[in-house]
Amino acid sequence: MRKVIVGSRRSQLALTQSGQFIDLLKEKNPGLEVEIKEIVTKGDQIVNVQLSKVGGKGLFVKEIEQALYDQTIDFAIHSLKDVPSVLPEGLTVGCIPRREDPRDAFISKNNVPIDQLKPGAIVGTSSLRRGAQILSAYPHLEIKWIRGNIDTRLEKLKNEDYDAIILAAAGLNRMGWDKSIVTEYLNPELMLPAIGQGALGIECRSDDEEIKTLLSTVHDEETALCVEAERTFLNLMDGSCQVPIGGYATMNNGEITFTGLIMSPDGKEKYHYTVVGNDPVALGKQVAEKMQNSGAKSIIEALNNSNE
């Protein structure tokens, strides 16, 4: 096997999860030689503007995908929720390893649970999906935009006028944070996760059979089937960072349960459907059709048009 060059964003979380994936790959392939190539993306450079205002999560993969085309890297390690639902020609998801905790973690000052926050309490999040679901369940709360890495957001919670923040449990776990800092893990019934949240997507060139064979050794089929339902739904609904959209699938005894969600940013309009079956693509399509027939598509079109 040739020496493998891996592309990763330069953020602390990206490098940590890349290292963890490489360790997993080496466990299955002893003697494998791997080098990480750090790549700064446009999304990493823009830290003072909401992603929904500047093009969404695709900003975190463009430069890395160019490195794949240029053959300066052999594969790229992404957080799957950052990867657009349709990949550029010539690139593919070579594998999806086992998913981390997909839930959102609620962290508050003095460990006050979310249902005990006082009217006007400020919850920090940069996610329209999280903000809309909070406002739907707790309209007396206020959402305030926040960005930065985990350390930065925790520092802002401590020193600024936030009463609570919401972070992905997967990121906290991968960075080794003690679970005691989390006030509560939000149940998907209250806070449906982002599509692909907690999963990694390993992207490579479609014609690189040697790399695809290598990546297949750490592929988790159950996770892959679940996120396929989620990403099918995302693609059909033309979802983006500009839209409060969520999707979460689980598998039990070979049967997939998939829930899709679309909301207005203020939380007042909510479309939420759950289907059960065996074919992930069919499940994603079923929920998308229900959304389209119910009028949810109009929310997406209005939001996408307003941000053009």
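Scope of this entry: the structure provided in the associated data block.

**Considerations on the pairing of strand β2 (residues 34-39)**
- Pairing of strand β1 (residues 4-9) with β2 involves six bridges; the strand directions are parallel. Bridge pairing in β2 places S8 opposite E38.
- Note that the unit made of β1, helix α1 (residues 12-28) and β2 has a crossover that is right-handed.

**So, the layout of surface pockets**
- Roughly 260 Å³ of volume is contained in the second largest pocket.
- Residue lining of the second largest pocket: 13 residues in total, with S85, V227, E228, R231 and T232 positioned closest to the centre.
- Sorting the residues of the lining of the second largest pocket by element identifies α9 (221-236) and α10 (280-294) as the ones contributing at least two each.
- With seven residues, α9 is the largest single contributor of residues to the lining of the second largest pocket.
- Broken down by class, the residue content of the lining of the second largest pocket amounts to seven nonpolar, three polar and three charged.

**Quick notes on unusual backbone geometry**
- The phi dihedral of N111 is positive, around 55 degrees, even though this residue is not glycine.
- Within the fold, N111 resides in the loop between β5 (104-108) and β6 (122-124).
- For N111, a relative accessible area of 45% puts it in the partly exposed group.
- Phi at N253 takes a positive value of approximately 55 degrees, unusual for a residue other than glycine.
- Tracing the sequence through the fold places N253 in the loop between β11 (245-252) and β12 (255-263).

Reading the values: the criteria
Residues numbered from 1 in each chain as written. Predicted model: local features only at pLDDT ≥ 70, side-chain atom pairs only at ≥ 80, totals over all residues. Heavy atoms only, no water. Pairing = 2+ DSSP bridges. Helix = DSSP H or I, 4+ residues; strand = E, 2+ residues; numbered from the N terminus. Right-handed = clockwise from strand over helix to strand, strands pointing away. 1 Å grid on protein atoms, 1.4 Å probe; cavity = no way out; pocket = protein on both sides within 12 Å on 5 of 7 lines; lining within 4 Å. Points joined across faces, edges and corners; volume = space filled by probe spheres on them. Nonpolar A, V, L, I, M, F, W, Y, C, P; charged D, E, K, R; others polar. Buried < 20%, exposed > 50% of the residue type's maximum accessible area, 1.4 Å probe, protein only.

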